[in-house]
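# Reading the structure
Chain by chain, the residues run as shown.
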Amino acid sequence: MNVQMVCLVDQYISHVNAKYPGSVHDAFILRNSSIPNVMAQLQRHRVWLIGDSGYPNLSWLVTPVKNARTKAEECYNEEEEVGDPFVAAMDAVDNEDVEAEDEDEDNRTAVIRQYFQ
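Thresholds applied
- Residues numbered from 1 in each chain as written.
- Predicted model: local features only at pLDDT ≥ 70, side-chain atom pairs only at ≥ 80, totals over all residues.
- Heavy atoms only, no water.
- Helix = DSSP H or I, 4+ residues; strand = E, 2+ residues; numbered from the N terminus.
- Polar contact = N/O pair within 3.5 Å; in protein donor to acceptor, adjacent residues only side chain to side chain.
- Patch = residues over 30% accessible without salt bridge, like charges linked within 9 Å, V, L, I, M, F, W, Y side chains within 5 Å.
- Areas by Shrake-Rupley, 256 points an atom, 1.4 Å probe, with all protein chains shown as cover.
- Salt bridge = Lys/Arg side-chain N within 4 Å of Asp/Glu carboxyl O.
- pLDDT = per-residue confidence, 0-100.
- Contact = heavy atoms within 4.5 Å.
- Core = buried A, V, L, I, M, F, W, Y, C linked by side-chain atoms within 4.5 Å.
- Buried < 20%, exposed > 50% of the residue type's maximum accessible area, 1.4 Å probe, protein only.

## Topic: the side chain of H15
Looking at the secondary structure, you find H15 in strand β2 (residues 13-20). There is a polar contact of 3.2 Å between the side chain of H15 and the side chain of Q4.

Next up, the structure:
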């Protein structure tokens, strides 16, 4: 069985899809799920998913750099931990205010949760 799961920053599991056998590729499951539509709506909130190498690199889906050739690419893969096959966390980072207070993070998480209901 191949299970696709999305977990928010606060460890809230917002999406689970376990209807495909293990032989089905991760990218196929993603394409045939509600996630692309949800993420299209969430782009204005600057939300990204972190996925492993089984997923395509999309504007809203951060994946490892395949065949990392530079030190920067290697550091990216290590720093973001996107090479870990168990990573399926949703990251709600506002690039304009990286030092957001906890209350702001809670507000963003609440906004994100409403899209997955």
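More follows now that the structure is in view.
## Considerations on a nonpolar patch on the surface
Taken together, the side chains of M1, V3, M5, I13 and V16 define a hydrophobic patch exposed on the protein surface, amounting to about 500 Å² of accessible area. Listing elements by their share of the nonpolar patch, those giving two or more residues are β1 (2-7) and β2. Its place among the elements puts V16 in strand β2.

## Describing the confidence of the model for the protein chain
Scored by pLDDT, the protein chain has a mean of 74; 68% of the residues are at 70 or more. Element-level mean pLDDT values for the protein chain span from 36 in strand β5 (residues 90-91) up to 92 in helix α1 (residues 26-31). A low-confidence stretch, residues 82-102 stays under pLDDT 50, and its non-local contacts, those more than four residues away or across chains, total 54 contacts.

## Some remarks on the nonpolar core
Counting 13 residues, the largest nonpolar core has L30, I35, M39, L42, L49, W60 and L61 as its most contacted members. Sorting elements by how many residues they give to this core places helix α2 (residues 35-42) first, with 4 residues.

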